[in-house]
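Okay, here's what each chain looks like letter by letter:
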Amino acid sequence: MVTSWPEPIVSVQTLSQAGVSTVPNQYVKPAHQRPAYNSDQSGLDMEIPVLDMSAVWRNPEGLKRVRKACEEWGFFQVVNHGVDHGLMERVRGAWREFFDLPVEEKRKYANSPDTYEGYGSRIGVVKEAKLDWSDYFFLNYLPSSIRNPSKWPSQPRKIRELIEEYGEEVRKLCERLVETLSESLGLEPNHLMKAFGGVDKVGASLRTNFYPKCPQPHLTLGLSSHSDPGGITIVLSDDNVAGLQVRRGDCWVTVKSVPNALIVNIGDQVQILSNGIYKSVEHQVIVNSSMDRVSLALFYNPRSDIPIGPVEELLTENRPALYKPIRFDEYRLMIRQKGPSGKNQVDSLLAST
């Protein structure tokens, strides 16, 4: 296991605050990976579905809408989700205060690639890789046995309590969503959760992303194109500035946040479990020159030490198992070593490869 970064870590926020006028070369993406801004490529007339959780829960018509969103988009926004709106605002504000602290204070929590837990600025350990224009803080949340609040920021005041409170509310939402996904696939409500390893054995982690202002946003990305490796992801986006883009065919659709909504996206493990019926979709984050941006992503994942493969009840003669089983801890290690790389990870498990 790699325990140190291949090059010295540079805080992107520090670069931005220093007033650099050009993007340093290690952040300049190859031409084909640079962000799309014009209407021919960026899907400006499309939007991801918005689902009302109160109209979806145990509702056959609502379950059809969930299935359509997961088959066609792999992304949707949820309203009436049960997470307190004031709490959402407070936890996002506390993280913004954390990233406004002096860099010396933040570096007390500097992370390493063996666990990623803490404050960092890169994903992947490939030497001389092209980097993303962002900093982040990553922490483990579930199972509770690996949760270590002493590794969480102690400033600003009450941030640890806010992380705990927000994490618990989103955990409950995730449990409802996994049950809803199971039913929308025609399975028993608890089937997918059992495949995840059981409600008491699932994993969860939180990554708060900070995307600083960028002098040349057309040359780089805040987060490179990838699909999430885990089960499902719940994103609390920045209300003031857009940045998340979702792939739709050959287009990139910029997500317009609905007030007080949370964004849900399907991860690779649900694509595998559903045997490709539900899609984990590539997404990326663009940056801009006038505003920085904060977002929180809670990753809700299967138990890490059991094989995850297609659910037997979803296999047919015409649609046999598409993916080879793999433990989530093995799968997660792939992205931690190589960094974001489109759909390469999940495609590598196709049974025909």
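Every value quoted in this text rests on a predicted model; they were computed, and no experiment measured them. (Residues numbered from 1 in each chain as written. Predicted model: local features only at pLDDT ≥ 70, side-chain atom pairs only at ≥ 80, totals over all residues. Heavy atoms only, no water.)

**Some details on the overall build of the protein chain**
The test is simple: Note on conventions: DSSP H or I runs of at least 4 residues are helices, E runs of at least 2 residues are strands, and numbering of each starts at the N terminus. Atoms considered for the radius of gyration are the C-alpha atoms alone. The globule rule reads 2.2 Å times the number of residues to the power 0.38. Each residue is placed in one exposure class: buried if its accessible area under a 1.4 Å probe, protein chains only, is under 20% of its type's maximum, exposed if it is over 50%, and partly exposed if it falls in between. Contacts are assigned to residue pairs with any non-hydrogen atoms lying within 4.5 Å of each other.
Helices and strands together make up the secondary structure of the protein chain, namely 11 helices and 14 strands. By the compact-globule yardstick of 20 Å for 353 residues, the protein chain fits well, its C-alpha radius of gyration being 19 Å. Taken over 353 residues, the protein chain has a buried fraction of 55%. The contacts of the protein chain with a sequence gap of at least 6 include a subset with a gap of at least 24, amounting to 79%.

**What about the nonpolar core?**
This is how the line gets drawn: Here, nonpolar core means buried Ala, Val, Leu, Ile, Met, Phe, Trp, Tyr and Cys residues that are tied together by side-chain atoms lying within 4.5 Å of each other.
Formed by 68 residues in total, the largest nonpolar core has its most connected members in Trp 95, Phe 98, Tyr 166, Ile 232, Ile 234, Leu 262 and Tyr 300. The residues contacting Tyr 166, other than those within four sequence positions of it, are Val 83, Leu 87, Met 88, Val 91, Leu 206, Leu 236, Leu 262 and Leu 296. Core analysis: the next-biggest nonpolar cluster, separate from the first, contains 25 residues, Trp 73, Phe 75, Cys 214 and Phe 299 among them.

**Digging into the environment of Gln 26**
One can find Gln 26 in the loop between helix 1 (12–17) and helix 2 (39–42). Accessibility expressed as a relative area gives 35% for Gln 26, which makes it partly exposed. Put simply, Gln 26 and Asp 132 are 106 residues apart on the chain and 8.7 Å apart in space, counted from C-alpha to C-alpha. Not counting the four nearest positions on each side in its chain, Gln 26 is found in contact with Ala 129, Lys 130 and Leu 131.

**Let's talk about the UniProt feature "domain: Fe2OG dioxygenase" (unreviewed entry) in the protein chain**
To be explicit about the condition: UniProt positions are given in the numbering used here, feature names are shortened, and annotations may be inferred rather than shown by experiment.
Sites flagged by UniProt as "domain: Fe2OG dioxygenase" (unreviewed entry) map to residues 202–302. In residues 202–302, the share of helix is 6% and the share of strand is 44%. The end C-alpha atoms are 5 Å apart.

**Observations concerning the side chain of Ser 11**
Threshold: Any pair of N or O atoms that falls within 3.5 Å is considered a polar contact. Within protein, one atom must be able to donate a hydrogen and the other to accept it, and sequence-neighbouring residues count only if both atoms are side-chain atoms.
Positionally, Ser 11 belongs in the segment before helix 1. One polar contact links Ser 11 to Thr 14, side chain to side chain, over a distance of 3.0 Å. Filtering out sequence-adjacent residues up to four positions away, Ser 11 remains in contact with Val 103, Arg 107, Tyr 119, Ser 121 and Asp 135.

**Regarding the packing of aromatic side chains**
Each pair of aromatic rings is reported with the distance of its centres and the angle of its planes. Quick note on the threshold: Only centres within 6.5 Å qualify two rings of Phe, Tyr or Trp (six-membered ring in Trp) as a pair; their planes then separate them into stacked at under 30 degrees, edge-to-face at over 60, and tilted for everything else.
All told, the structure shown has 14 aromatic pairs when counted by the stated rule. Between Phe 98 and Phe 99, the aromatic rings sit 5.2 Å apart at their centres with planes inclined by 80°, giving edge-to-face as the arrangement. For the pair formed by Phe 98 and Phe 99, the shared burial category is buried. Measuring from centroid to centroid gives 5.4 Å for Phe 98 and Phe 137, while their planes differ by 90°, and the two rings are edge-to-face. Here Phe 98 is found in helix 5 (residues 85–99), whereas its partner Phe 137 is found in strand 4 (residues 135–142), with 39 residues between them in sequence. For the pair Phe 98 and Phe 137, a shared accessibility class is recorded, and that class is buried. Here a set of aromatic residues connected by ring pairs shows up, and it is made of Trp 95, Phe 98, Phe 99, Tyr 109, Tyr 119, Phe 137 and Phe 210.

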